[in-house]
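Structural description and commentary
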Amino acid sequence: MNLAIEIENITKTYPGVLANSDVSISVNSGSIHAIVGENGAGKSTLMKILYGMIKPDSGSIQIFESNANMSSPKDAINLGIGMVHQHFMLAKNLTVLENIILGIDKPLLKNIKLSKYKSEIKKVMDLYSLNINLNQYIDELSVGEKQRVEIIKVLYRGAKILILDEPTAVLVPQEVKELFKNLKELKDKGVTILFISHKLDEVLEIADEISVMRSGQMIDTVMNNNVSKIQLAEMMIGKSLPTPPPRITSSEDEEVLSINNLSSIDEDGRTVFKNITFKVHKSEILGIAGVEGNGQKEVVESIIGIHPLDTGEVVFRGEDIKKQSTRERLESGISFIPEDRQLQAMIMDMNLTNNVIIGRQNIEKYKSSLGTVKTRNAAKESEKIISSFEVKTPSTNTLATALSGGNQQKFVVGRELEDNPSLLIASQPTRGIDIGAQSLIWEKLRNSRDEGLSVLLISADLEELIGLSDRIIVFYQGKLVKELDADKVSPEDLGGYMTGLKK
Ligand SMILES: Nc1ncnc2c1ncn2[C@@H]1O[C@H](COP(=O)(O)OP(=O)(O)OP(=O)(O)O)[C@@H](O)[C@H]1O
Ligand SMILES: [Mg+2]
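Residues numbered from 1 in each chain as written. Chains lettered and ligands numbered in written order. Predicted model: local features only at pLDDT ≥ 70, side-chain atom pairs only at ≥ 80, totals over all residues.

1. Considering the sheet that holds strand E6 (residues 81–84)
Convention followed: Strand pairing is defined by DSSP finding a minimum of two bridges between the two strands. Only DSSP runs of H or I covering at least 4 residues are called helices, and only runs of E covering at least 2 are called strands; the numbering of each starts at the N terminus. Axis lines are fitted through C-alpha atoms, for helices just across the contact stretch, and the angle between N-to-C directions can take any value from 0 to 180 degrees. Two residues qualify as being in contact provided that their C-beta atoms, derived from the backbone, are within 7 Å of each other.
Spatially, six strands are ordered E6-E7-E8-E3-E9-E10 in an open sheet, and the strand pairing comes out mixed. Looking along the sheet, the strands with just one partner apiece sit at the ends: E6 and strand E10 (217–223). Sheet twist, expressed as the average angle between the axes of neighbouring strands with direction ignored, equals 20 degrees. Judged from the five bridges that link them, strand E3 (residues 32–37) and strand E9 (residues 209–214) form a sheet pairing that is parallel. Across the sheet, Val 36 pairs through a bridge with Val 212, a residue of E9. Here helix H6 (residues 173–188) sits on the sheet in contact with E3, strand E7 (161–165) and strand E8 (192–196), set at roughly 145 degrees to E8.

Set out below in structure tokens:
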């Protein structure tokens, strides 16, 4: 088989970090090659080097068996390499068509013949069996569809090698299925795919070969049919994972959060959610299941006050907090892990210590009489988070953006658990986190729950939802359609309620 990519002896250091250490890897043309490894192992760094975004300190790359000297993504694109970023880079208020041709420096945009572009793009879509309405606005698309636009965009630019860094982290199970169908089609047409994921079941489903990285080094590359999930996990984290013990404590009767008859109608008169009623008890994890877009995200946002309500009550520890500001709610003992860490949870070009303080400037610990903040206390706090959540970073002064994605996530979870909240609203708390760190976070959440914390858990990972929750409620078309005992439900059943097939 021909080689599409040959990476030889790549090394890349950052101050205090050896991100890639003498990494070599060969990728067969027309194959799907997965890269797995714990958070901070160096996967994204390697992909950014391959895409010309970062220059390595040393080492060489061959693309289709010729030397590749890349100093920018432009060079990579010219060599037939395309990358779909985890945070999509689409312009929301433009159509699919406009987004795909955006930035192509052929004729000036105002003079272009849209119909010519349209037929060229249609050809690409037909060739690879990818379907999307070119006239739709990006705003109107689901996450899976936006990702498809990104893929079509790079294929239209001639990509024969496709880099996907954690493409499934943002997708619901149905969308993952659709993506995998598309990837197999692309592979059959000769496209080479590099695929990064923390979900080992997915990797085993889609990849031909799997490379494992650890601490900046390439540990091994194995054929898919020669490896089990457990072996893969052990190669990744160097040890096997403990199975969680069954719960021995139980939830208390006290209602920490009581949601009564919540409804919300949007500007166009459509129901966002309707007559939602549920309770979260002290020492309980209540899971919320639902395919994206069924109202659950908005219900949760209305609890912390960032989504408007039309009717209903949000009772937290006996008091209706509906009229309180978001800040008052957060200061009164509600913690929030938003689903998008980079947009909502951290300020990326601030260091970790300052990221501990944001939104908490008024807390006793950080507020000084002079109207400034007590940075020293925050530095202590951030040190504590780094050690107890095993966040990989050289120091508390490191900028958030210099952490690997999974380590940013671990830091946010640690911060939100730090101040002993009464209620934690956790949206996708382990998204992008490696299996070792995931089991650490699960353990922390279970322990906090056993010590009295109430958790409202929203997760697209059904295994996580079932494994962590005490009870699960299911949202479908803006309504709460089912309550289930987490001990007695299978992922298939849960999926059935989520898609409306089961009632
Ligand atoms: N711009 C940067 N400045 C300093 N250090 C960086 C920078 N980018 C990455 N690093 C460091 O390099 C190491 C590898 O990071 P990388 O993002 O490649 O990990 P990863 O394997 O993709 O992890 P994850 O699974 O969490 O996404 C990490 O320790 C990270 O902190
Ligand atoms: Mg990464």
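So, next bit.
2. Here's the deal with the packing of helix H5 (residues 143–156) against H6
Definition in use: For this classification, under 35 degrees means roughly parallel, over 145 means roughly antiparallel, 65 to 115 means roughly perpendicular, and everything else is oblique. Handedness of a crossing follows from how the near helix is turned relative to the far one, being left-handed for an anticlockwise turn of less than a right angle and right-handed for a clockwise one. All residues other than Ala, Val, Leu, Ile, Met, Phe, Trp, Tyr, Cys, Pro, Asp, Glu, Lys and Arg, Gly among them, are scored as polar; the first ten of these are nonpolar and the last four charged.
Two elements in contact, H5 and H6, have axes whose closest approach is 9 Å; the angle formed by their N-to-C orientations is 20 degrees. Relative to H6, the element H5 is oriented roughly parallel. As for how H5 packs across H6, the hand of that crossing is right-handed. Counted together, Val 143, Gly 144 and Gln 147 of H5 and Glu 175, Glu 178 and Leu 179 of H6 form the full contact between these two elements. Here the residues of the contact of H5 with H6 sort into two nonpolar, two polar and two charged.

3. Quick notes on the nonpolar core
Let me state the cut-off plainly: We define a nonpolar core as a collection of buried residues of the types Ala, Val, Leu, Ile, Met, Phe, Trp, Tyr and Cys that are connected via C-beta atoms lying within 7 Å of each other. Partly exposed residues are those falling between the two cut-offs: more than 12 but fewer than 20 other C-beta atoms within 10 Å of their own, whereas 20 or more means buried and 12 or fewer means exposed, with C-beta atoms placed from the backbone.
Grouped together as the largest cluster of nonpolar side chains are 69 residues, with contacts concentrated most on Leu 423, Ile 425, Val 455, Leu 456, Leu 457, Val 474 and Leu 494. Considering each element in turn, this core owes the most residues, five residues, to strand E19 (residues 471–476). Of all hydrophobic cores here, the second largest spans 55 residues; its members include Ile 5, Met 47, Leu 50 and Leu 200.

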